[in-house]
Amino acid sequence: MATFKDILNYFRPYWAIALLSIAASSLFEIIDLVVPYATGQILNVLSTGTVDPLSERAIAIVAAWGGWELNRNTLIGVLLAVIFIVTVVRAPLQPWIGAWFHWVVPLRSRRDQAGSVMGKILSLPLEFYDENNPGRIAGRVARGLANHTWTYPEIAGQLIPKLVRVFGIFIVISLIEWRIALLFLASFVLILGFTLRKLKRLIDCEDVLDRYMENTESHTSEIVTNIKTVKAFATEATELKRQTQRLEREYKFVVYRIHRGYVYLFTWQRSVIQSCVFGVLGLTLWATLQGQISLGHFITTLTISSMAYSELEPISVIAEVFARRYASMLRFHEFMKQPIGVDAASLALSSDAVRDYQFTGKVHFSNMTFGYESDRPVLQDIDLLIEPNQTVALVGRSGSGKSTLVKLLFRYFEPNSGQILVDGQDIRSLDVTGYRRRLAIVHQEVDVFNGTLLDNLTYGNPKATFEEVESACHIARVDEFIHQLPGGYRTVVGERGVRLSGGQRQRLGIARALLMNPDVLVFDEATSSLDYESERSIQLAMRSILGTRTTLIIAHRLSTVREADKIVVLDQGRIAEVGSHEELLRHGGIYHRLHALQETGELIA
């Protein structure tokens, strides 16, 4: 659970600079009070020819130092000099001592935290992304970073210094007339106390609104991602209606629960503030008529109390802005507190930080059981030995656990019981980054980044030479379509590889995997969504790889696994049959039935 302390810790590396800049800004706010005080003293000199005893002693010291006679002109001259110093001389200094650091701190923090966010995104477990789509995650992160950045200058550069100024004004008034100071203090405590209590309720409303907005952004992201499906089913009007309803809900909540609450609060504030200003005016005038304070003190008290009450409105506005942003900042920290996954790899770029392995490719799933929920196993008692350079195919109905087995091999999850051994070593004892660099996988849907074809080919091995790239492309039959692309290897393939066909993306995926020179290569439904011609090209590419390394093939189309050394049939999370293509057909079991269904063109359930 995130708290206000997490928001403060966001700026922890720069606390020293922050405290110094806040102190400097607060000091400037206190120095501003010198002007109305000095103005009041000048008025006293003009009317009575005297100043306060404390001011008189200070001016006498200055006069003695300068060799001047202590008279009316000297009093006014020194007071004017003081006003000149605290206004004109300090003017070019204040932006650099205060305002500069009020932006440096949040901007540096944003740079640091944005890097931490990327590290968190790369370290979270896969199941987090199963539950949260990109729009939800991006929206939460973007609002969190932006609100931290924009809030700090307002709090550090305005709110805190203004509160210090109000406290300074209370001290000055108490030195002039303590009864007026008590009224001033009581009114401020009342106004700020009531404001904070109302803002606490409004913060809770802002949290609800933040969740509404997150849901809307999440669904917008889904629409963009699935726009082809939306258009194919002609559901544009339905999606528009749904989003309009979400936006209408947000609007009503903002206007009738949040905005109206702020208007009520500011209406109350303004009424109380104006009453207090009038009250201070009456008391100060009465004290002056009674001879308790001088005319200069009357002007000083009235001026600085008006300054204090005028600060209440900007203080309240800043508090309102902070309240509006508070929920999203907390939700950012809740995201940053998400536990990293057991599959998290090292984020260090140095090769010294990663163990360098070399395996023969012997893989043993030893008495392994796994379930995403402990009481619902997906795989049970799996005992499977794959020898080096052996080609093993996994077949079975959808949901039988084939892809889950591969996820466990890549350490995306860990078995509930049993082990996965590579060359006799439990993979949980290996450095996950070094281990994964000895594996490679070609998915059913190959992920392609918006860059050049060469960038995508060398994504897993940026140090690969161009000769190695050409060799991998020849094996994967990528070279068959390279000449069709306008820029060859330098062709930009577009977002998600939209400028490539499905078969071309699959072959790119195979070449990219081969450039890793893996000890274990996995094909996960690599041909299931392709036309016959593309499938045939992929099969030829796969055939040239078989026997060169340990290869694991997951397939629905049994035509792609005929040449496997061993075919493993999974059924309801258990190994039902093991053998070659011919052996399993002779056995007459599940594989035989699946083969017969595909031969007759029927669908597999």
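Residues numbered from 1 in each chain as written. Predicted model: local features only at pLDDT ≥ 70, side-chain atom pairs only at ≥ 80, totals over all residues. Heavy atoms only, no water.

Novice: Looking at this model, I keep getting lost on the nonpolar core. Mind explaining?
Specialist: Grouped burial of nonpolar side chains is what soluble globular proteins tend to show. L453, L457 and V561 are the most contacted members of the largest nonpolar core, which totals 43 residues. Formed by 31 residues, the second largest nonpolar core is a distinct cluster that contains Y357, L384, F413 and L552. (Core = buried A, V, L, I, M, F, W, Y, C linked by side-chain atoms within 4.5 Å. Buried < 20%, exposed > 50% of the residue type's maximum accessible area, 1.4 Å probe, protein only.)

Novice: Would you explain the packing of helix α2 (residues 15-31) against helix α8 (residues 134-176) in this entry?
Specialist: Each pair of packed helices can be summarised by the angle the axes make with each other and by the distance between the axes. Here α2 crosses α8 at 45°, and the two axes come no closer than 8 Å. The pairing of α2 with α8 is recorded here as oblique in orientation. As α2 packs across α8, the resulting crossing turns out to be right-handed. Contacts from A18, S21, I22, S25, S26, E29 and I30 in α2 reach Y152, A156, I160, P161, K162, V164, R165 and G168 in α8. A class-by-class count of the residues in the contact of α2 with α8 yields eight nonpolar, four polar and three charged. (Axes fitted to C-alpha atoms, helices over the stretch in contact; angles between N-to-C directions. Helix = DSSP H or I, 4+ residues; strand = E, 2+ residues; numbered from the N terminus. Parallel < 35°, antiparallel > 145°, perpendicular 65-115°, else oblique. Left-handed = near helix turned anticlockwise from the far one by under 90°. Contact = heavy atoms within 4.5 Å. Nonpolar A, V, L, I, M, F, W, Y, C, P; charged D, E, K, R; others polar.)

Novice: Would you mind going over helix α4 (residues 53-66) with me for this structure?
Specialist: An α-helical turn contains 3.6 residues, so any two residues separated by three or four positions project in the same direction. Given a rise of 1.5 Å per residue, 14 residues ought to cover 20 Å, and the 20 Å separating the end C-alpha atoms of α4 matches this to within 8%. Residues of α4 that are buried in the fold lie against α3 (34-47) and α5 (72-89). One or two steps after α4, the chain reaches G67, where phi turns positive at roughly 75°. (Expected span 1.5 Å × (residues − 1).)

Novice: What exactly am I supposed to notice about α5 here?
Specialist: Across its 18 residues, α5 extends 25 Å between first and last C-alpha, which sits within 8% of the 26 Å expected from 1.5 Å per residue. Taken together, the buried positions of α5 are T74, L75, I76, V78, L79, I83 and V86. Considering only its buried residues, α5 is in contact with α2, α3 and α4.

Novice: Just to check I follow, could you spell out the sheet that holds strand β7 (residues 520-524) for this structure?
Specialist: The strands making up a sheet associate through hydrogen bonds between their backbones, and the pairing can be parallel or antiparallel. Strand order in the open sheet formed by six strands is β6-β7-β8-β3-β9-β10, and the pairing between neighbours is mixed. Each edge of the open sheet carries a strand with a single partner, namely β6 (439-442) and β10 (574-579). Averaged over all neighbouring strand pairs, the angle between strand axes comes to 20°, with direction disregarded. Sheet topology places β6 next to β7; four bridges connect them, and they run parallel. The residue bridging I441 from the neighbouring strand is V522, located in β7. On top of the sheet, helix α13 (residues 402-409) reaches β3 (391-395), β6, β7, β8 (550-554) and β9 (566-571); it is set at about 145° to β8, its chief contact. Strands β6 and β7 of the sheet are contacted by helix α18 (residues 502-514), whose axis makes an angle of about 175° with β6. (Pairing = 2+ DSSP bridges.)

Novice: What exactly am I supposed to notice about the side chain of T74 here?
Specialist: With respect to the helices and strands, T74 occurs in helix α5. What T74 contacts, discounting residues up to four positions off in sequence, is I59, A63, W68 and E69.

Novice: Where do I start with the packing of aromatic side chains in this structure?
Specialist: The description of an aromatic ring pair rests on the distance of the ring centres and on the angle between the ring planes. Applying the stated criterion across every chain yields a total of 17 aromatic pairs. Seen from their ring centres, F11 and Y152 are 4.9 Å apart, and the 45° between their planes marks the pair as tilted. With F11 in the loop between α1 (4-9) and α2 and Y152 in helix α8, this pair connects stretches of sequence that are 141 residues apart. A residue is classified by how much of its surface remains accessible, and F11, at 9% relative accessible area, is buried. Between the aromatic rings of W103 and W150, the centroid separation amounts to 5.4 Å while the plane-to-plane angle is 85°, which identifies the pairing as edge-to-face. With W103 in helix α6 (residues 94-123) and W150 in helix α8, the pair connects residues that are 47 residues apart, well separated along the chain. Through a chain of ring-to-ring contacts, the aromatic side chains of Y10, F11, Y152 and F332 assemble into a single cluster. (Phe/Tyr/Trp six-rings, centres within 6.5 Å; stacked < 30°, edge-to-face > 60°.)

Novice: Can you help me understand the pattern of salt bridges in this one?
Specialist: Pairing between side chains becomes possible if they bear opposite charge and their charged atoms approach one another. For the coordinates displayed, the defined rule picks out 13 salt bridges. With its nearest N and O atoms 3.8 Å apart, the salt bridge here joins E414 to R411. The class for E414 is partly exposed, based on a relative accessible area of 29%. Connected through salt bridges with shared partners, the residues E29, D32 and R165 form a single ionic network. (Salt bridge = Lys/Arg side-chain N within 4 Å of Asp/Glu carboxyl O.)

Novice: So what exactly am I meant to see when it comes to the pairing of β7 here?
Specialist: Taken across its five residues, β7 has five buried, putting it largely inside the fold. Residue alternation in β7 divides its side chains into two sets, V520, V522 and D524 and L521 and F523, and both sets are buried.

Novice: Looking at this structure, I do not really get a negative patch on the surface. What am I missing?
Specialist: On the surface, E467, E468, E470 and D479 cluster together into a negatively charged patch. Considering each element in turn, the negative patch owes the most residues, three residues, to helix α16 (residues 466-475). Inspection of the secondary structure puts D479 in helix α17 (residues 479-482). (Patch = residues over 30% accessible without salt bridge, like charges linked within 9 Å, V, L, I, M, F, W, Y side chains within 5 Å. Areas by Shrake-Rupley, 256 points an atom, 1.4 Å probe, with all protein chains shown as cover. Lys, Arg positive; Asp, Glu negative; His and termini not counted. Charge placed at Lys NZ, Arg CZ, Asp CG, Glu CD.)

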